[in-house]
Amino acid sequence: MKKLLVIAAAILSFSAVNAQVAYLGFQSVTASSKAGNTTISKANSGFFLGGAMNFEIADAIGIQPGLEVSYAGRTESTIAGDDKFSMWGIKIPVDVNYGFELAPDFKLNVYAGPSIYVGLSYNDKVGNTTYDWYGNQYGRFGLGLGMGAWCDIKDVIRVKAGYDLGLLNRAQDKDNLDYKESAFMISVGYLF
């Protein structure tokens, strides 16, 4: 594993960096729990912000690692009062992309790649009682597969849309529960 990391670091250090971007976006995160034949899906909306660098490894092909901080939540009315969910986390996407120029000052890239998720907090507040779902029911770490496209306008503005499919069961009781999170995302970024 260490050799693989050293090789990856060497490739990245010798590649030319052709873009750095800071971005802010909207996301809709769907948390799905499956126990037996019953599946419950809940949509949570929120935002994310992050940055990424694109390393060109061949003509029109690049690798773009990034780092994002995200929030998603929702409020539901129940008999016991308002039920407020909130999730904070960090995502590390590593996207392989292919780009081409559609018109002068207008470039399109398609991408796909893995994402690592680290949950910071997953709270459920009902009335005056707060439950932290990480640790006792769900694991903090997740793995996803991201795919989508972005377009760069005049090498200054980036508009990006994508979907991350949750691949890893994050339930602590994996024999009786399957819990995954997937997300649709759209963002606007500044290239520098």
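Residues numbered from 1 in each chain as written. Predicted model: local features only at pLDDT ≥ 70, side-chain atom pairs only at ≥ 80, totals over all residues. Heavy atoms only, no water.

**Quick word on the packing of aromatic side chains**
Under the counting rule described, the total for this entry stands at 11 aromatic pairs. Taken together through their ring pairs, the aromatic side chains of Tyr122, Tyr134, Tyr138 and Tyr179 make up a single cluster. Taking NZ or CZ as reference, arginine 74 lies 3.7 Å from the ring centre of phenylalanine 85, over its face. Sitting above the plane of the tyrosine 23 ring, lysine 160 keeps its charged end 5.8 Å from the centroid. (Phe/Tyr/Trp six-rings, centres within 6.5 Å; stacked < 30°, edge-to-face > 60°. Lys NZ or Arg CZ within 6 Å of the ring centre and 35° of its normal.)

**Re the pairing of strand 6 (residues 129-132)**
Pairing of strand 5 (residues 106-126) with strand 6 involves 4 bridges; the strand directions are antiparallel. Bridged to aspartate 124 within strand 6 is tyrosine 131. Turn length for the strand 5-strand 6 hairpin, with the two strands adjacent in sequence and antiparallel, is 2 residues, and the turn residue glycine 127 shows positive phi of about 65°. (Pairing = 2+ DSSP bridges. Helix = DSSP H or I, 4+ residues; strand = E, 2+ residues; numbered from the N terminus.)

**A word on the pattern of salt bridges**
Under the defined criterion, the tally for this structure stands at 9 salt bridges. Of the charged contacts in the structure, one is a salt bridge between lysine 160 and aspartate 95, with a shortest N-O distance of 3.8 Å. Of this pair, lysine 160 sits in strand 8 (residues 157-166) while aspartate 95 sits in strand 4 (residues 81-103); the two residues are 65 residues apart in sequence, bridging distant segments of the chain. Aspartate 95 carries the same exposure label as lysine 160, and that label is buried. Put simply, arginine 170 and glutamate 181 hold a salt bridge, and the shortest N to O gap is 3.1 Å. You can see arginine 170 sitting in the loop between strand 8 and strand 9 (178-191) and its partner glutamate 181 sitting in strand 9, a full 11 residues away along the chain. A single salt-bridge network, built from bridges that share partners, covers Lys42, Arg74 and Glu76. (Salt bridge = Lys/Arg side-chain N within 4 Å of Asp/Glu carboxyl O. Buried < 20%, exposed > 50% of the residue type's maximum accessible area, 1.4 Å probe, protein only.)

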